[in-house]
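Reading the structure
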Amino acid sequence: MSRWIIVSNRLPFKLKADGTFAQASGGLVTAIGGIHTEGKVERIWMGGAPEGLTELNWSKKKTQQAKDDWQHLPVFVDETLYDEFYNGFCNDVLWPILHYQNDFVHFSDHAWNAYIKVNQLFAQKLAAFAKPDDLIWIHDYHFFLLPQFLRRLRPDLKIGFFLHVPFPSSEVFRQLPVRETILESLLAADLIGFHDYAYLHHFSSSLTRILGIDSSLLSVKSGAHTTRLGVFPVSIDTAEFKSKAAKPEVAILEKRYREKGQFMFLGVDRLDYIKGLDLKLCAFKSLLERYPEVRGKVSLLQVAIPTRTGSPEFIKLYQETSRLIGEINGTYSRPDWTPIHYIYNSVNSDELMAIYKASDALLVTSKRDGMNLVALEYIVTQSLERPGVVLLSEFTGALSTLSHTVRINPWNADDTADKMKLAMEMPKQEKIHRLQAMQKYLDGYTATDWARLFLQDLESTTPAAQGAELFLPTRDSVDELAKKIATKMGNNGKVTLFLDYDGTLVPIEESPELATLPSSTRQWINDFGKRPWLNLVMVSGRDARFLSKQFSGTEIPLAAEHGGSFLDISKNKWIRRVHQPRTTWYQSAQKIMSHYSMRVPRSRVEKKRFSLAWHYRQSPNEYAGYMARKLADELETGLANLPVTIVRGKKVIEVRASEADKGVFTNWYLEHYAPSTFPLAFGDDRTDEDMFRAVRGRSGMSFKIGVTDTSADYMLEVQAQVLPFLSALIGRLDRLLGTNATAGAGRAPSQRMELVPTVAHQPSL
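This section reports on the structure supplied with the text. Note that this is a predicted model, so its numbers are computed, not measured. (Residues numbered from 1 in each chain as written. Predicted model: local features only at pLDDT ≥ 70, side-chain atom pairs only at ≥ 80, totals over all residues. Heavy atoms only, no water.)

**Here's the deal with the packing of helix H5 (residues 146–153) against helix H7 (residues 179–186)**
When two helices pack together, their arrangement is given by the angle between the helix axes and the distance between those axes. Inclusion rule: Lines fitted to the C-alpha atoms define the axes, with helices restricted to the stretch that makes contact. Angles between their N-to-C directions range from 0 to 180 degrees. A run of DSSP states H or I qualifies as a helix once it reaches four residues; a run of E qualifies as a strand once it reaches two. Both are numbered from the N-terminal end. In these notes the angle categories are as follows: under 35 degrees is roughly parallel, over 145 is roughly antiparallel, 65 to 115 is roughly perpendicular, and the rest is oblique. Left-handed is the label given to a crossing in which the near helix is rotated counterclockwise from the far helix by less than a right angle, and right-handed is the label when the rotation is clockwise. Throughout, a contact is declared for two residues whenever any of their heavy atoms are within 4.5 Å.
Their axes nearest at 6 Å, the elements H5 and H7 cross at an angle of 50 degrees. What the angle tells us is that H5 and H7 run oblique. Judged by the twist between their axes, the crossing of H5 over H7 is left-handed. Across the interface between the two elements, Leu 146, Pro 147 and Gln 148 from H5 touch Glu 184, Ser 185 and Leu 186 from H7.

**Some points on the pattern of salt bridges**
The criterion, for reference: Here, a salt bridge means any Lys or Arg side-chain nitrogen found within 4 Å of an Asp or Glu carboxyl oxygen. Here's how the labels work: a residue is buried when its accessible area is under 20% of the maximum for its type, exposed when over 50%, partly exposed in between, all with a 1.4 Å probe on protein chains only.
In this structure the tally under the stated criterion is 40 salt bridges. Measuring nitrogen to oxygen at the nearest pair gives 2.7 Å for the salt bridge that ties Arg 151 to Asp 190. Of this pair, Arg 151 sits in helix H5 while Asp 190 sits in the loop between H7 and strand S8 (191–194), and the two are 39 residues apart along the sequence. A relative accessible area of 12% places Arg 151 in the buried class. Within the structure, one salt-bridge network assembled from shared partners comprises Lys 285, Glu 320, Arg 323 and Glu 327.

**Let's talk about a nonpolar patch on the surface**
Let me state the cut-off plainly: Distance thresholds for patches are 9 Å for like charges and 5 Å for nonpolar side chains (Val, Leu, Ile, Met, Phe, Trp, Tyr), applied to residues having over 30% relative accessible area and no salt bridge. Note that accessible areas follow from Shrake-Rupley with a 1.4 Å probe, and for residues the cover is restricted to the protein chains shown.
A cluster of nonpolar side chains, contributed by Leu 470, Leu 472 and Val 707, occupies part of the molecular surface with about 190 Å² of accessible area. Structurally, Val 707 can be placed in the loop between strand S28 (701–705) and strand S29 (714–716). A relative accessible area of 34% places Val 707 in the partly exposed class.

**Re the packing of aromatic side chains**
Heads up, the condition is: Stacked, edge-to-face and tilted are the three classes for Phe, Tyr and Trp ring pairs, Trp counted by its six-membered ring, which pair at centre distances within 6.5 Å; planes under 30 degrees apart are stacked, over 60 edge-to-face, the rest tilted.
All chains considered together, the criterion is met by 48 aromatic pairs. On the numbers, 5.0 Å between centres and 55 degrees between planes, the contact of Phe 263 with Phe 265 is tilted. Looking at Phe 263, the relative accessible area reads 9%, which means it is buried. With a centroid separation of 5.2 Å and 45 degrees between ring planes, the pair formed by Phe 471 and Phe 725 is classed as tilted. Of this pair, Phe 471 sits in the loop between strand S17 (469–470) and helix H18 (475–489) while Phe 725 sits in helix H25 (residues 722–737); the two residues are 254 residues apart in sequence, bridging distant segments of the chain. Just as Phe 471 is buried, Phe 725 falls in that class too.

**Some details on a negative patch on the surface**
In plain terms, the rule: Only four residue types enter the charge count, namely Lys and Arg as positive and Asp and Glu as negative; His and the chain termini do not. To locate a charge, take atom NZ for lysine, CZ for arginine, CG for aspartate or CD for glutamate.
There is a patch of like negative charges on the surface, built from Glu 51, Asp 78, Glu 79 and Asp 83. Tracing the sequence through the fold places Glu 51 in the loop between strand S4 (43–48) and helix H2 (55–62). Overall, the relative accessible area of 71% leaves Glu 51 in the exposed class.

**Observations regarding the pairing of strand S23 (residues 604–607)**
Heads up, the condition is: Being paired, for any two strands, means DSSP has found at least two bridges between them.
Bridge count between S23 and strand S24 (residues 611–615): 4 bridges; the pairing is antiparallel. The partner of Arg 604 across the bridge, within S24, is His 615. Linking two consecutive strands that pair antiparallel, namely S23 and S24, is a turn of 3 residues.

**Quick word on the sheet that holds strand S22 (residues 573–576)**
Remark on secondary structure: sheet strands pair via backbone hydrogen bonds, oriented parallel or antiparallel. Sheet architecture is open: 9 strands sit in the order S17-S29-S28-S27-S18-S19-S20-S21-S22, paired in mixed fashion. Strands with a single pairing partner mark the edges of an open sheet, and in this sheet they are S17 and S22. Where strand S18 (residues 495–499) lies against strand S27 (residues 678–683), 5 bridges are found, and the strand directions are parallel. Paired with Phe 498 across the bridge in S27 is Ala 681. With respect to the sheet, helix H23 (residues 662–672) is in contact with S18, strand S19 (534–539), strand S20 (558–560), strand S21 (565–568) and S27, its orientation differing from that of S18 by roughly 155 degrees.

**Concerning the environment of Ser 216**
Along the chain, Ser 216 turns up in the loop between helix H8 (197–211) and strand S9 (219–222). Accessibility expressed as a relative area gives 46% for Ser 216, which makes it partly exposed. Here the alpha-carbon distance between Ser 216 and Ile 305, two residues 89 residues apart in the chain, equals 40 Å.

**What to know about the environment of Trp 95**
Rule in force here: Counting of polar contacts relies on pairs of N or O atoms within 3.5 Å, with two restrictions inside protein: one atom must be capable of donating a hydrogen and the other of accepting it, and residues adjacent in sequence are counted only when both atoms are side-chain atoms.
Take Trp 95: it is sitting in helix H3 (residues 79–98). In the structure, Trp 95 is positioned 20 residues away from Val 75 in sequence and 22 Å away in space, judged by C-alpha atoms. Those residues in contact with Trp 95 that sit more than four places away from it in its chain are Cys 90, Tyr 141, Val 165, Arg 270, Asp 272, Tyr 273, Ile 274 and Arg 308. Polar side-chain contacts of Trp 95 include one of 3.3 Å to the side chain of Asp 272.

What follows is the structure in structure tokens.
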């Protein structure tokens, strides 16, 4: 059975002053700590070592492992590095922007680099520890980069990621300077989970607006990898909280805490700007102002748990909260009545259960809250004899699962006050009806169910690599590939190499006219084209005029417009390969595309002899992507039954004559100019898939540039690898075939041939 490896920022215990260990607090600890398993599932919790924990005193903790439900795997992080990671980036950048508090964001490169280093440190530790069948479950925004770092080190692992806080709208998230890096990393996970559908929707929208990737809200494809998406609202250990609430000690405390003759509202929050304590106090003040008759009959017990006590934002919030409480109490207090009782401290478990049971209503006024487990805890501790009411902010994730709360907009103080008055007057039978419905839900859906459902979905995911194999160009891998090709070349002893232009031979440029061929690359083509065993052929969607200009001075066959035209080097003549007239479709297609180019800024129509292309690379990403899908649908409908093919490429929609097809051209060229040779193809676009299939049909070999779904045999990560890789491969084949390669040094232009680490920390040629 698979092991479960939970990864979080901190382990779920803290080191006390006397050297003993105690359970830590927090929503994540509550949720994960409430997971129970049947059978012999081995559960490991990996996290940062608590403050004060060292390798030495950890050995003492490890002796308790046999008694614990969980095994613990600490990661020891340098104190200064951790401070920059946690306070400098997680708290000062990610926390505020994820909660729509952009004014509190303080981004710095130094803190970002610390965040990268800690994520890398966890990835290295986890990669060394994990077994192939383990299920890796990464928790929360502290580890946005961990999925990608871990995937590079251990592509065999199943990786899940769960976000415990809101994912904001794309309009907010796009303000983050490192937005692309974070989104790209998350897509390395096999499953990404959220508390609420709205968070999933915002994430999907961000993928489209920032990365230009469409998702179905159930899954998203990024290259060859499919990431599943899901909504998994967290829960609590219901039975455990009921048991705690039923203790005799709690009953004694409950009786002591209950305000006789008063209706008590309760607030239990971390002192954090997202919790809306200022809004709660304003609403309570409005209640006293609008309904004078409740004065002396109602109170608010507010527990504020200190957090991030050293930050300027905390100090300001603490001062403002104290000022508002003092102002309300100073205005409305009587000798026998104080409106607000304020506890600025943590409370122990028995005290918390007692104030849950002693209060008449829970008031949650969060400005943004991923879930809010306090509301769930409050509900399961209530009794039908004295049922409490939950007033819940509509900006919490819990609102989507707690169906019978009183919904409030905390920004509207007067309306919240009206609903507080409604709660005070609510008939007992209605309170029971609301409470029973929510308790029934929480009895049937616990933290264990939450974890089980997520991990079942994670276990059912398929490995990332399907079909094509990601080729990592190292000396050993290139040697092995060269031997394989040499064996397949047979008696003829020749290779025909089909090369695409944009995105393969040269990088994709923002504007197509900028993608010119460097003189060094032109020289490289001349050098390698002189080998007796090698036929180089350029196959591009570009027109004949452009290719003729770029390859002037070379003796390489050129196929323009996907093979619609062909430059026969032996005759120095362009041959037309499309014979059907374009009069049936060209004008209609041009009219439709022109209409779209007028509506989409910076888009344009490129006219070719056998095709038309609508380019939108420089256009607004989200709008242009939508219009591109619409244009393709309109063309497919309007030009149905005509001799054309509609191609959806990289930021381009193309209508081309059916005979202008790279696959058709590849087969034609091999039959007429290079029979019995071993075909090898390189391309990056959807149009190259036709060429890959043709090559495969002739027992050849193909490479797709970019990690994506493909019919090619192999994938190279980026275009920058193409020329160094081909240089190394051709050099190896020279030696295997005994060729005296005097024509050139065999080096790619402006590329180092030594083994150097790539971005993915893998050796590259």
